[in-house]
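What the coordinates show
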Amino acid sequence: MQMKLKLTVAAAVAAMAGLSFAQDVQVVKIGSVAPMSGPQAHYGKDNANGVLMAVEDLNKENLVIGGKKIKFEAQVEDDAADPKQGTAVAQKLCDSKVAGVVGHLNSGTTIPASKIYSDCGIPMITGAATNPSLMKPGYKTSFRIIANDNALGAGLAFYAADTLKLKKVAIIDDRTAYGQGVADVFKKTALAKGMQVVDEQYTTDKATDFMAILTSIKSKAPDAIFYGGMDAQAGAMLRQMDQLGMSNVKYFGGDGICTTEIIKIAAGAKSLDGVVCAEGGASIAKMPGGEAWKKRYDAKYPGQFQIYSPYTYDATFVLADAMKRANSTDPKVYLPQILKTNFKGVTTTIQFEPNGELKNPAITLSVYKDGKKVALN
């Protein structure tokens, strides 16, 4: 009887200890927002993979913040690259009381969502949205860890004029905040460099038929076409350029077309050989931790890498780093620490300008050779 009593007491003590341990674990949710459905889903999955991988790595560190063991969880949401859905998701994340958000992917969803995050006091770090207008409202909750369109559009125009010595260019954009923004910067820089803009055309981010646009452009005999938009449309455009005998026309675009997916979408088009694209940041080979990280990523998510996952990975760590330095997971407490970030990430050493832009952002120009994406710098 006495032995049975001792066992019962011991079990009770163990149960209490287990309950105490459970109470000491705090779940911290990080929102991840990108298009997880539709024609841009390959970008979204890549973005989410970066966050999920970071969360897994952070949980291996057994972090203790504010006296509690922290368990990070990713709350992955789909904004379908649609501004209305983007704002609805942003409000959902606010209501869910996530500690921070990594996203969105598209400038057209990120810009309206940023106001909602500002209103509810949740930090948002994008590793993909590049329109400079994102930072114009001056929200203290908005941060970007990739070069913006001012750098991308200008870099491409400089390359077209100075390196390739091109004289005439036609410009197409998809009328989204991203596409129009990067096209406008390219146009202004190209004109300043003495290039002639011989035609300007517009499409949408849902279009598939560009024959009328391209036929009009062909009659103006440009040396190059600049497209402000994403790879789903660019790949189809390259196929149709082949059909119109425009394979010798150079084709420029920002990070929206600078993917491996465009190779599949172009489906063997000769025009792919004339593509020059720009993305924020260094190439994987030149990132401080790029190649080792990419090897781990490919083992975990084979065939899914696009562009932005190293940035969403780093963005997740930047949020956690600020929490550690503030010794709090409360957004109101740790938010000021984000601006003081000096974090050695996979992509670069991350520091912010007072407006939330990345300090000293790099850009990489790439071309496509033998069906592979190759960095020029």
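Residues numbered from 1 in each chain as written. Predicted model: local features only at pLDDT ≥ 70, side-chain atom pairs only at ≥ 80, totals over all residues. Heavy atoms only, no water.

**As for the overall build of the chain**
Which entries qualify depends on this criterion: Helix numbering and strand numbering both begin at the N terminus, where a helix is a DSSP run of H or I of at least 4 residues and a strand a DSSP run of E of at least 2. Only protein chains enter the accessibility calculation, which uses a 1.4 Å probe; a residue is then buried when its area is under 20% of its type maximum, exposed when over 50%, and partly exposed in between. Throughout, the Shrake-Rupley method with a 1.4 Å probe supplies accessible areas, and for residues the shown protein chains are the sole cover considered.
When helices and strands are counted, the chain shows twelve helices and 15 strands. C-alpha atoms of the chain, sized along the principal axes, occupy 100 × 40 × 35 Å. Per-residue burial for the chain yields a buried fraction of 54% across its 377 residues. Counting only carbon and sulfur atoms, one obtains 55% of the accessible surface of the chain, whose full area is about 15,900 Å².

**Here we look at the domain arrangement of the chain**
Applicable threshold: An automatic or database domain assignment supplies the residue ranges for each domain. The criterion used for residue contact is that any of the two residues' heavy atoms lie within 4.5 Å. The term buried area denotes the loss of accessible surface (1.4 Å probe radius) that occurs when two parts are joined, taken as the sum for both partners. In what follows, salt bridge is the name for a side-chain nitrogen of Lys or Arg lying within 4 Å of a carboxyl oxygen of Asp or Glu. In protein, a polar contact requires one atom able to donate a hydrogen and another able to accept it; more generally it is a pair of N or O atoms within 3.5 Å, and residues adjacent in sequence count only if both atoms are side-chain atoms.
Domain annotation for the chain reports domain 1 (25–147 + 286–362) and domain 2 (150–279). On the domain 2 side, the residues contacting the 19 residues of domain 1 number 18 residues. Of the roughly 1,400 Å² buried where domain 1 meets domain 2, counting both sides, 53% is carbon and sulfur surface. Taken as a group, Tyr-43, Gln-306 and Ile-307 account for 29% of the area that domain 1 buries against domain 2, more than any other trio of residues on that side. Along the contact surface separating domain 1 from domain 2 lie zero salt bridges. The interface formed by domain 1 and domain 2 contains seven residue pairs in polar contact (both at pLDDT 80 or more).

**Focus on the nonpolar core**
The line we're drawing: As used here, the term nonpolar core means buried Ala, Val, Leu, Ile, Met, Phe, Trp, Tyr and Cys residues forming a set that is joined through side-chain atoms within 4.5 Å.
With 98 residues, the main nonpolar core has Phe-72, Ile-225 and Tyr-251 as its most contacted residues. With nine residues, helix H11 (residues 309–326) is the single largest residue contributor to this core. Residue contributions to this core reach at least three from each of two domains, namely domain 1 (25–147 + 286–362) and domain 2 (150–279). For Phe-72, the residues in contact, after removing those within four places along its chain, are Val-28, Ile-30, Val-55, Leu-58, Asn-59, Leu-63, Ala-320 and Met-323. Core analysis: the next-biggest nonpolar cluster, separate from the first, contains 14 residues, Leu-93, Cys-94, Ala-113 and Leu-134 among them.

**Here's the deal with the sheet that holds strand E4 (residues 100–102)**
Where we set the bar: We treat two strands as partners when DSSP finds at least two bridges between them. Here the axes come from fitting lines to C-alpha atoms, over the contacting stretch only for helices, and the angles between their N-to-C directions go from 0 to 180 degrees.
In spatial order, the strands read E2-E3-E1-E4-E5-E6; together these six strands make up an open sheet with mixed pairing. One side of each edge strand has no neighbouring strand; the edge strands of this open sheet are strand E2 (64–65) and strand E6 (142–144). Across two bridges, the pairing between E2 and strand E3 (residues 68–78) is antiparallel. The residue of E3 that forms the bridge with Val-64 is Lys-69. Its contacts with the sheet place helix H3 (residues 83–95) against strand E1 (25–34), E3 and E4, and it is angled at close to 160 degrees to E3.

**Thoughts on the state of the cysteines**
To keep it simple, the criterion reads: Disulfides are defined in this document as cysteine sulfur pairs within 2.5 Å.
Using the criterion set out here, one finds two disulfides in the structure. Covalently, Cys-94 is tied to Cys-120 through a disulfide, its sulfur atoms 2.0 Å apart. Looking along the S-S bond of the Cys-94-Cys-120 disulfide, the torsion reads about -50 degrees, which is the left-handed sense. Placement of the pair is Cys-94 in helix H3 and Cys-120 in helix H4 (residues 107–120), with a sequence separation of 26 residues. Residue Cys-94 is classed as buried on the basis of its relative accessible area, which comes to 10%. Cys-120 gets classed as partly exposed once you look at its relative accessible area, which sits at 30%.

**A look at helix H12 (residues 331–338)**
Rule in force here: Comment: arc refers to directions from the helix axis out to C-beta atoms.
Turning to H12, its buried residues number three or more, namely Pro-331, Tyr-334, Leu-335, Gln-337 and Ile-338. The buried residues of H12 occupy an angular sector of 160 degrees when projected down its axis, which confines them to one face. Buried residues in H12 make contact with E4, E6 and H11. The backbone nitrogen of Lys-332 has a side-chain oxygen 3.0 Å away, supplied by the residue at the start of H12, namely Asp-330.

**Focus on unusual backbone geometry**
Omega for the peptide link from Gly-103 to His-104 comes to -5 degrees, which places this bond in the cis form. Structurally, the position occupied by His-104 is in the loop between E4 and H4. The phi dihedral of Asn-62 is positive, around 50 degrees, even though this residue is not glycine. Among the secondary structure elements, Asn-62 is positioned in the loop between helix H2 (41–59) and E2. Located in the positive-phi region is Ala-81, a residue other than glycine, with phi close to 60 degrees. Within the secondary structure layout, Ala-81 lies in the loop between E3 and H3.

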